[in-house]
Amino acid sequence: MAVWKCQECGNVVEARCKPGKCKSCGAPKDKLVKEAQPKK
Ligand SMILES: [Zn+2]
C-alpha cells in the first residue's frame, strides 16, 4: 500500500496504485505525490 499526498489540499490517500485524482479536492493526479511509508 502506498500513501499519496495531495499538494493542493494536503489530503492523504492510501492506495495501491496512484489515484486518478484527489478524492477531496479533485486535483489531477500530477498533484499527488508519493509519501514515504515504513513497511508493515
Ligand atoms: Zn486535494
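Quick caveat: nothing in here was measured; it's all calculated off a predicted structure.

Topic: the nonpolar core
For step 1, the next point in the chain: One finds Ala-2, Trp-4, Cys-6, Val-13, Ala-15, Cys-22, Ala-27 and Leu-32 forming the largest nonpolar core, which totals 8 residues.
For step 2, the next point in the chain: At the level of elements, strand E1 (2-6) and strand E2 (12-15) are the ones that each hand at least two residues to this core.
For step 3, the next point in the chain: When residues in this core are grouped by element, the largest group, 3 residues, is from E1.
For step 4, the next point in the chain: Sequence-distant contacts of Trp-4, defined by excluding residues within four places in its chain, comprise Asn-11, Val-12, Val-13, Ala-15, Cys-17, Lys-18, Pro-19, Leu-32, Val-33 and Lys-34.

Observations regarding the sheet that holds E1
For step 1, the next point in the chain: Taken in spatial order, the 3 strands make up an open sheet running E2-E1-E3, and their pairing is antiparallel. The outermost strands of the open sheet, each flanked by one partner alone, are E2 and strand E3 (32-35). Pairs of neighbouring strands in the sheet enclose a mean axial angle of 35°, with direction left out of account.
For step 2, the next point in the chain: Across 4 bridges, E1 lies against E2 in antiparallel orientation. Across the sheet, Ala-2 pairs through a bridge with Ala-15, a residue of E2.

What counts, and at which threshold
Residues numbered from 1 in each chain as written. Predicted model: local features only at pLDDT ≥ 70, side-chain atom pairs only at ≥ 80, totals over all residues. Heavy atoms only, no water. Core = buried A, V, L, I, M, F, W, Y, C linked by side-chain atoms within 4.5 Å. Buried < 20%, exposed > 50% of the residue type's maximum accessible area, 1.4 Å probe, protein only. Helix = DSSP H or I, 4+ residues; strand = E, 2+ residues; numbered from the N terminus. Contact = heavy atoms within 4.5 Å. Pairing = 2+ DSSP bridges. Axes fitted to C-alpha atoms, helices over the stretch in contact; angles between N-to-C directions.

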